[in-house]
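Structure assessment
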Amino acid sequence: MGGCFSKPKPVELKIEVVLPEKDRGKEELSAGGKGSPRAYQGNGTARHFHAEERLPAPHPYPGAQDCLEAAVCHIKDLENGQMREVELGWGKVLLVKDNGEFHALGHKCPHYGAPLVKGVLSRGRVRCPWHGACFNISTGDLEDFPGLDSLHKFQVKIEKEKVYVRASKQALQLQRRTKVMATCISPSAGHSSSTNVLIVGAGAAGLVCAETLRQEGFSDRIVLCTLDRHLPYDRPKLSKSLDAQLEQLALRPKEFFRAHGIEVLTEAQVVTVDVRNKKAVFKDGFKLEYSKLLLAPGSSPKTLSCKGKDVENVFTIRTPEDANRVVRLARGRNAVVVGAGFLGMEVAAYLTEKAHSVSVVELEETPFRRFLGERVGRALMKMFESNRVKFYMQTEVSELRAQDGKLKEVVLKSSKVLRADVCVVGIGAVPATGFLRQSGIGLDSRGFIPVNKMMQTNVPGVFAAGDAVTFPLAWRNNRKVNIPHWQMAHAQGRVAAQNMLAQEAEISTVPYLWTAMFSKSLRYAGYGEGFDDVIIQGDLDELKFVAFYTKGDEVISVASMNYDPIVSKVAEVLASGRTIRKREVELFVLHSKTGDMSWLTGKGS
């Protein structure tokens, strides 16, 4: 028997069995799920799924004795379009009134635990205020990303003008619902050299693709292969929390993959794809035939090409081991970060409390300049400087000097010499698509895989998603773009899976990303490349602001700090198809002393 297991008949409500979550503290330091630190080993055929390991039987559907029903408010306590957190014995519930109907849902976003009552209610869904995930208020289902799980939906009834909610103890405590998934029924899958679906890359795009297939009833074989030693994990968290251990990072526990017949090949490198014979060849000679293929290989970090580039203790943060090692080496020592983009700045912020000194080297005049503009970049730079970070701008590294083979100094082109015991390089990445060059699968001049709105490549049955693709961005006139962000990879993975099943889905999500530095979060939605003006409301010095990025007379992106839920609100407006005009924002900034955002939900153009 291979990588598929029979399991009890599906129950009405699928609950992933994890320990009840404690209330989460700092949003950005929480992982999306619990997992086991043990991962599959990938050596030859032993890489395959361990079929002999069995799951404990799932909990039965909670009986009446596990349920609680109570009146939570009067029907006139909520207006249409309002949300409220209400207590219900063992936990809280999000109560929503929309179009005269009441809905009761889990109150925390399953991604990182954000209070959804502070989010945005629009078009029959609630959008998370922190990272933009969207949940259908009628079903609790996850409709936009990031994250993997949905919300519990609770029964509501109205009696004598009071609103009653009924919920199970377990659902109230778990605050997340994993959708019902099909069982894999393919015989002897683990020992076969063919699969129905092969997914290359086990990041967000690959994992969401596999999960979506199972959620949609697909019961044939799925093989997910990764260069990594580990099962899928929360990679963006690595640079925000370098001390994080694998069990805090895992997106799903090992048991999840067994239960749903998703085979994971770790340390498995695909070296060629033969599209004519529908076959992938691995580095160790193993060949796997497929019917449908998803390419989600991600990107490879750029490295320094200067003299001494091979000295020890110079890192690109790619794995939990890299991140943990950087922290160990930096403790009480001198750290240099090359590159003032998201990864570099997150690492620099995290190391300030651990290292003796932190220096950042960057070619531009200010951090994040191309992405957030001069003024916002300068405000963030000041925040770093007040936390003892030293910047060396408009220069680059000319040499890495070693003592006994280990890094000792970083020499800059400006002739400045920085003491350095550890160096982290965050100067961008290139698509990891070299293995496709002779395959016949189309690549552009930069090595990206162009796909259409359905995430299809130029080869029938071959899809691509994640950091390595360019795709048409619907609300920017289908401009072909590359958006290497976590949320977008989730969305693309789902669309690819839907189209493997001939559902004719199209990618339409509004890009949404976030960063965390010194316990402060910056949120961003839209696609701002080519912006020609920035309109700022609020106080940059106090880091309480919203910045609208415009091109011509149109708002194309927005960033904020300490101004929730403005970014989620803008994302929801853009997702609805409405254009936000520059003059609307200018009038708002001119006349608003209160920061009132009601104009955004008005009719407009």
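Residues numbered from 1 in each chain as written. Predicted model: local features only at pLDDT ≥ 70, side-chain atom pairs only at ≥ 80, totals over all residues. Heavy atoms only, no water.

Looking at an unreviewed UniProt entry, the protein carries the name Apoptosis-inducing factor 3, with the source organism given as Phocoena sinus. According to the UniProt record, the Sequence similarities (unreviewed entry) comment for the protein is "Belongs to the FAD-dependent oxidoreductase family." Here the protein is described in UniProt, under the heading Subcellular location (unreviewed entry), as follows: "Mitochondrion". (UniProt positions renumbered as here; feature names shortened; annotations may be inferred.)

**What to know about the packing of aromatic side chains**
This model, assessed by the stated rule, comprises 10 aromatic pairs. With 5.0 Å between their ring centres and 50° between their planes, Phe342 and Phe368 make a pair best called tilted. Here Phe342 is found in helix H7 (residues 342-351), whereas its partner Phe368 is found in the loop between strand E20 (357-362) and helix H8 (369-385), with 26 residues between them in sequence. Relative accessible area serves as the criterion here: at 6%, Phe368 is assigned to the buried category. (Phe/Tyr/Trp six-rings, centres within 6.5 Å; stacked < 30°, edge-to-face > 60°. Helix = DSSP H or I, 4+ residues; strand = E, 2+ residues; numbered from the N terminus. Buried < 20%, exposed > 50% of the residue type's maximum accessible area, 1.4 Å probe, protein only.)

**Concerning the sheet that holds strand E30 (residues 479-481)**
Within the open sheet, the three strands sit side by side as E27-E29-E30. Their pairing is mixed. Unpaired on one side and paired on the other, strand E27 (449-450) and E30 mark the two borders of the sheet. The sheet contact formed by strand E29 (residues 469-473) and E30 spans three bridges and is antiparallel. Residue Leu473 lies in a different strand from E30, and its bridge partner there is Arg479. (Pairing = 2+ DSSP bridges.)

**Comments concerning the sheet that holds strand E25 (residues 422-425)**
By definition, the strands of a sheet pair up through backbone hydrogen bonds, in either a parallel or an antiparallel sense. Here we have five strands laid out as an open sheet, ordered E18-E25-E19-E20-E21, and parallel in their pairing. Strands at the two margins of the open sheet, each flanked by one partner only, are strand E18 (314-315) and strand E21 (389-393). Across five bridges, strand E19 (residues 334-338) lies against E20 in parallel orientation. Opposite Val336, over in E20, you have Ser359 as the bridge partner.

**Brief notes about empty space enclosed by the protein**
Inspection of every chain in the model, using the stated rule, returns three cavities of 30 Å³ or more. Computed from the structure, the second largest cavity encloses a volume of approximately 90 Å³. Lining the second largest cavity are Leu142, Phe145, Gly147, Leu148, Asp149, Ser150, Lys179, Val208, Glu211, Thr212, Gln215 and Arg494. (1 Å grid on protein atoms, 1.4 Å probe; cavity = no way out; pocket = protein on both sides within 12 Å on 5 of 7 lines; lining within 4 Å. Points joined across faces, edges and corners; volume = space filled by probe spheres on them.)

**A look at unusual backbone geometry**
Most of the time, phi is negative for any residue but glycine, and the peptide bond is trans. The linkage connecting Phe145 with the following residue, Pro146, adopts the cis geometry, with an omega of 20°. Within the element layout of this structure, Pro146 appears in the loop between strand E8 (142-144) and strand E9 (153-159). A cis amide bond links Asp564 with the next residue in sequence, Pro565, at an omega value of 0°. The topology assignment puts Pro565 in the loop between strand E35 (554-561) and helix H10 (566-575).

**Some remarks on the nonpolar core**
Counting 106 residues, the largest nonpolar core has Leu295 and Phe548 as the members making the most contacts within it. No other element matches the eight residues that helix H9 (residues 486-500) contributes to this core. With sequence-adjacent residues up to four places away left out, Phe548 is seen in contact with Asp533, Val534, Ile535, Val555, Ser557, Val558, Ile566, Val570, Val585, Phe588 and Trp599. Residues Leu242, Leu249, Leu351 and Phe384 belong to the second largest nonpolar core, which totals 51 residues. (Core = buried A, V, L, I, M, F, W, Y, C linked by side-chain atoms within 4.5 Å. Contact = heavy atoms within 4.5 Å.)

**As for the pattern of salt bridges**
Considering all chains together, one arrives at 35 salt bridges under this definition. Glu85 is the salt-bridge partner of Lys92, the closest N and O atoms lying 3.5 Å from each other. Using a relative accessible area of 32% as the deciding quantity, one classes Lys92 as partly exposed. A salt bridge links Glu211 to Arg252; its shortest N-O distance comes to 2.8 Å. Pair noted here: Glu211 is in helix H2 (residues 204-215) and Arg252 is in the loop between helix H4 (246-249) and helix H5 (254-259), with a separation of 41 residues, a long-range link. Arg252 shares its class with Glu211; the two are buried. (Salt bridge = Lys/Arg side-chain N within 4 Å of Asp/Glu carboxyl O.)

**Here we look at the packing of H2 against H9**
At a minimum axis distance of 7 Å, the contact between H2 and H9 shows a crossing angle of 35°. Considering how the two elements wind past one another, H2 and H9 form a crossing that is right-handed. Between H2 and H9, the residues in contact are Ala204, Ala205, Val208, Cys209, Thr212 and Leu213 and Trp486, Ala489, His490, Gly493, Arg494, Ala497, Gln498 and Met500, respectively. (Axes fitted to C-alpha atoms, helices over the stretch in contact; angles between N-to-C directions. Left-handed = near helix turned anticlockwise from the far one by under 90°.)

**Focus: the side chain of His107**
In this structure, His107 sits in the loop between strand E4 (101-105) and strand E5 (120-122). Given a relative accessible area of 9%, His107 falls into the buried group. At 3.2 Å, the side chain of His107 and the side chain of Glu85 are in polar contact. With residues near it in sequence (within four places) discarded, His107 still touches Glu85, Lys92, Val93, Leu94, Ala114, Pro115, Leu116 and Gln175. (Polar contact = N/O pair within 3.5 Å; in protein donor to acceptor, adjacent residues only side chain to side chain.)

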